[in-house]
Amino acid sequence: MTIRDAFGPDFLPPLLAGMALTAACALLSVVIVLKRLAFIGQGITHAGFGGVGLAAFLAATGWWRDLAIFLFCIGTAVVIAVLGRSRKVMIDTAIGILLVAAMGVGFLLDQMRIHLRGEEWYRALTAGRVAPPTQWDAVLFGNILYLRSEDVWLAVGCAAVVALTLALLYKEIVFFAFDETVSRVFGVRTGLLHYLLLIMIAAIIVLCMKLLGLILVNALLIIPGAAALLVSRRLSTVLIASVILGEVGMVGGYLAAFGVWGGRLPVGPIVVLILALLFAASIVLNRLRSART
Amino acid sequence: MAEKHCCQQDHHSELAQHHSGDAVCVDHVSFSYVPGVRILESVTMHIPRGTRLGIVGPNGGGKSTLLKLILGLLRPGEGRISVFGRTPHQACAASMIGYVPQRHDVEIAFPLSVAQVVRQGIVGRTGMFRRAGADDRRAAAEALEQVGIADLAAKPVGDLSGGQQQRVFLARALAARPRLLVLDEPLVGIDEVGQAKFARLMDAVHRTYELTVLIVSHDLRAIVAGCDQVACLNRRLHFHDAPAGLTREVLAEVFNHNLAGVALQGEGP
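A quick note: this is a predicted structure, and the numbers were derived from the prediction, not measured.

K.L.:
Go over the overall build of chain A, please, and point to the residues and values.
P.N.:
Along its length, chain A carries 13 helices and 0 strands. Taken from N to C terminus, the helices and strands of chain A fall in the order α-α-α-α-α-α-α-α-α-α-α-α-α. For 293 residues, the compact-globule estimate of 2.2 N^0.38 gives 19 Å, and the C-alpha radius of gyration of chain A, at 20 Å, lies within 12% of that figure. Reported as C-alpha extents along the three principal axes, the dimensions of chain A are approximately 70 × 55 × 30 Å.

Structural data, given as structure tokens:
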């Protein structure tokens, strides 16, 4: 396989889907870093394991599988948000617990379906369908070639919705991230924004699962924004820089994966490594600049 | 029913009595975070329009809790609070309250300019999904002018000194064209020159914007500098009247000794 193949009809759709999702993640990552939601993102991504297990248990495939994972992520996000708003439990404690609980449920459900196959009620529940064995390495690290051509439209649509939502609620979200309590006094509907952000993050995570996997998607949800914030102190510039950095990582990783070693390298890890290097570079740039002033 | 009850039976402050023109009515409000431990106990207080009221009290005396109740960030366990005849929540939604939070160190990296922070003040007035109109943008520009930092408008807010950041937050509150201005510990971390400047600024602001002002502080200097009335809060409201005749020295002494139990006027030692 050569670089030329990477832009051929089989590979262009996943690349386009990846670029669209990367843009959405990069925009969200600025909010995630500023509002300090990175750990919540971790919690929601790990909830995805629970969703994968649930989908396998219910023998759900295709869209139904995606929906099961999405609902599991949303459910976890809501529980995190509700616990975070109460004064009884510290939010990082709540996330730490839900994270492992969701993973446990996921693996457990995935294992149980094998042993339940003989049970009458289980066959009734799944209507006799059997989901293929769960490929945990794909769940963990993703495989961009799993993106179906219909996923491209979903990815582009989802990215457009995220970008549009951020644009329409720009002033509210920025105030919310800057100082949540004060923004509430000034008439910002903070509860609505909080849940809206969590829903967008959960939806993006499900779509990115095939792209980067549940662990590596956190790279796209944190690194572009974190690096861009080191590059500029103007919010508009930060948002643009974040998208550019994300796309450099995505496209660069894609080309390297298919061009360097005959297409034998996985895309996800290379994307993440490029993003990490870009982050290191922006730290150096930031240091150099502040040393000069 | 509120009319008959004074915050202190033997002290008939006119401010404890309800009038229809009140900016803020706090009516027998009690609040506890933990069941059984009351932070506020039957607090009744009425702030007439145009007044500048200072609330002092020791740390843990319930000042910031009362503030959060008036701002609608908490709901009272018992009693009722209204701001210009509305619930605190409604008053906030209608941009009637301008809030200057306690100055905490602004995240240096937060990529916002001074002008952008001040324009946050008009977010509620503009409404969701809309761009700010010319009128609102002008209000923000005027507020920036009023607090004397128009020349810093383009600077990142993290680059400013504490006193300058305080002014930015004051401008943000004024940009909302509020009717009630609430300041939480405005002088913390500001030197004496800055404090005097701030007092003059608050005077000018009060005149220009025809505001009712509520200042909460554990520092009596902040209150004396710019208030017509003083209330002392330590779980209950202990004193609530004009600080006429009270010198800075007297208040400072009272504060050092026993703020909570002392009535300053009329029945003082």
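K.L.:
Which residues make up the interface of chain A and chain B, and what values do they have?
P.N.:
Every contact between the two is made by 26 residues of chain A and, on the other side, 33 residues of chain B. For the pair chain A and chain B, the summed buried surface comes to about 2,600 Å²; carbon and sulfur atoms form 68% of the total. By the criterion of area lost to chain B, the three top residues of chain A are Phe 178, Phe 186 and Arg 233 of chain A, representing 32% of everything that side buries. At the boundary of chain A with chain B, the tally comes to 1 salt bridge. Measuring nitrogen to oxygen at the nearest pair gives 3.0 Å for the salt bridge that ties Asp 159 of chain B to Arg 233 of chain A. For the pair chain A and chain B, the interface holds 5 residue pairs in polar contact (both at pLDDT 80 or more). Contributing elements (two or more residues each) for the side of chain A that touches chain B: helix 9 (170-178), helix 10 (180-185), helix 11 (190-231) and helix 12 (235-259) of chain A. Across the side of chain A that touches chain B, the residue classes tally to 15 nonpolar, 2 polar and 9 charged.

K.L.:
With reference to specific residues and values, describe the sheet that holds strand 4 (residues 78-83) of chain B.
P.N.:
Residues and elements named next belong to chain B. Read across the sheet, 3 strands follow the order 2-1-4 without closing on themselves; strand pairing throughout is antiparallel. Whereas interior strands pair on both sides, the edge strands pair on one side only; in this sheet they are strand 2 (37-48) and strand 4. On average, each strand axis in the sheet is inclined to that of its neighbour by 20°, with strand direction left out of account. Note: strand 1 (residues 22-34) against strand 4, 5 bridges, orientation antiparallel. Residue pairing for strand 4: Asp 27 is matched across the bridge by Arg 80. Strand contacts of helix 1 (residues 63-70): strand 1, strand 2 and strand 4, with the helix running at about 120° to strand 1, the strand carrying the most contacts.

K.L.:
Quick rundown of the packing of helix 12 of chain A against helix 13 (residues 267-292) of chain A? Include the residues and the values.
P.N.:
All names here are of chain A. One can describe the packing of helix 12 onto helix 13 by two numbers: an axis separation of 8 Å at closest approach and a directional angle of 135°. As the angle between them shows, helix 12 and helix 13 are arranged oblique. Pair helix 12 / helix 13 crosses with right-handed handedness. For the pair helix 12 and helix 13, contact is made by Leu 245, Gly 246, Val 248, Gly 249, Met 250, Gly 252, Gly 253, Tyr 254, Ala 256, Ala 257 and Phe 258 and by Val 267, Ile 270, Val 271, Ile 274, Leu 275 and Leu 278, respectively.

K.L.:
Before we move on, can you summarise the pattern of salt bridges with the specific residues and values?
P.N.:
Residues and elements named next belong to chain B. As enumerated under the stated definition, the model contains 11 salt bridges over all chains in all. Residues Arg 38 and Glu 41 are paired through a salt bridge, measuring 3.1 Å at the closest nitrogen-oxygen approach. Taking the relative accessible area as the measure of exposure, Arg 38 reaches 29% and is therefore partly exposed. For Glu 41, a relative accessible area of 17% translates into the label buried.

K.L.:
I'd like a description of the packing of helix 4 (residues 62-85) of chain A against helix 5 (residues 91-116) of chain A, backed by residues and values.
P.N.:
Residue and element names in this part refer to chain A. Interhelical geometry of helix 4 versus helix 5 gives an angle of 155° and a closest axis separation of 9 Å. It follows that helix 4 is roughly antiparallel to helix 5 by the angle criterion. In the crossing of helix 4 with helix 5, the sense of the turn from one axis to the other is right-handed. Contacts from Phe 72, Thr 76, Val 79, Ile 80, Leu 83 and Gly 84 in helix 4 reach Ile 91, Ala 94, Ile 95, Leu 98, Ala 102 and Val 105 in helix 5. Among the residues forming the contact of helix 4 with helix 5, the class breakdown is 10 nonpolar, 2 polar and no charged.

K.L.:
Tell me about the nonpolar core, and name the residues and values.
P.N.:
If you look at the biggest cluster of nonpolar residues, it comprises 163 residues, and the most contacted ones within it are Ile 204 of chain A together with Ile 70, Leu 170 and Leu 181 of chain B. Per-element tally for this core: the top contributor is helix 11 of chain A, with 24 residues. Those residues within four positions of Leu 170 of chain B in sequence are excluded, and the remaining contacts are Val 100, Val 147, Leu 181, Phe 198, Leu 201, Met 202 and Val 205 of chain B.

K.L.:
So what about the pairing of strand 1 of chain B? Which residues, and what values?
P.N.:
Residue and element names in this part refer to chain B. Direction of pairing for strand 1 relative to strand 2: antiparallel, over a ladder of 8 bridges. Bridge pairing links Val 29 to Val 43 in strand 2. Between the end of strand 1 and the start of strand 2, which pair antiparallel, lie 2 residues, with Gly 36 showing a positive phi angle near 95°.

K.L.:
Residues and numbers for the packing of aromatic side chains, please.
P.N.:
Evaluated as defined, the whole model comprises 9 aromatic pairs over all chains. Taken together, a centroid distance of 5.7 Å and an interplanar angle of 50° make the contact between Phe 175 of chain A and Phe 186 of chain A tilted. Within this pair, whereas Phe 175 of chain A is found in helix 9, its partner Phe 186 of chain A is found in the loop between helix 10 and helix 11, the two being separated by 11 residues in sequence. For Phe 175 of chain A, a relative accessible area of 0% gives the class buried. The rings of Phe 49, Phe 107 and Trp 136 of chain A are connected pair by pair, giving a single aromatic cluster. Lying over the aromatic face of Phe 84 of chain B, Arg 179 of chain B brings its terminal NZ or CZ to 4.2 Å of the ring centre.

Reading the values: the criteria
- Along each chain, residues carry numbers from 1 onward, in the same order as the chain's sequence is written.
- Here the convention is simple: chains get letters from A, ligands get numbers from 1, in the order in which they are written.
- In keeping with the model being predicted, local features are shown solely for residues with a pLDDT of at least 70 and side-chain atom pairs are shown and tallied solely at 80 or more, while totals for entire chains, interfaces and linings include all residues.
- The basis for every side-chain value is the complete set of non-hydrogen atoms in the structure, without hydrogens or water.
- Numbering goes from the N terminus for both helices and strands, where a helix is a DSSP run of H or I of at least four residues and a strand is a run of E of at least two.
- Using C-alpha atoms as the atom set, the radius of gyration is obtained and then compared with a globule rule of 2.2 Å times the number of residues to the power 0.38.
- For this analysis, residues touch if any pair of their heavy atoms sits within 4.5 Å.
- Joining two parts hides part of their accessible area as seen by a 1.4 Å probe, and the buried area is that hidden amount summed over both.
- In what follows, salt bridge is the name for a side-chain nitrogen of Lys or Arg lying within 4 Å of a carboxyl oxygen of Asp or Glu.
- Whenever two N or O atoms come within 3.5 Å, that pair is a polar contact, provided that in protein one can donate a hydrogen and the other can accept it, and provided that, for residues adjacent in sequence, both atoms are side-chain atoms.
- As a working rule, the residues Ala, Val, Leu, Ile, Met, Phe, Trp, Tyr, Cys and Pro are called nonpolar, Asp, Glu, Lys and Arg charged, and the rest polar, with Gly in that last group.
- When DSSP finds at least two bridges between two strands, those strands are taken to pair.
- Throughout, an axis means a line fitted to C-alpha atoms (over the contacting stretch in the case of helices), and angles, computed between N-to-C directions, take values from 0 to 180 degrees.
- Between 65 and 115 degrees an angle is taken as roughly perpendicular, under 35 as roughly parallel, over 145 as roughly antiparallel, and anywhere else as oblique.
- Crossings are assigned a handedness: left-handed for a near helix turned anticlockwise from the far helix by less than a right angle, right-handed for a clockwise turn.
- Under the scheme applied here, a residue whose accessible area is under 20% of the maximum for its type counts as buried, over 50% as exposed, and between as partly exposed, the area being computed with a 1.4 Å probe on protein chains only.
- We define a nonpolar core as any set of buried Ala, Val, Leu, Ile, Met, Phe, Trp, Tyr and Cys residues linked to one another through side-chain atoms lying within 4.5 Å.
- In this analysis, rings of Phe, Tyr and Trp, with Trp reduced to its six-membered ring, are considered paired at centre separations within 6.5 Å, and the interplanar angle assigns stacked below 30 degrees, edge-to-face beyond 60, and tilted for intermediate values.
- Counted as over-ring charges are cases with an Arg CZ or a Lys NZ within 6 Å of the ring centre that also lie within 35 degrees of the ring normal.

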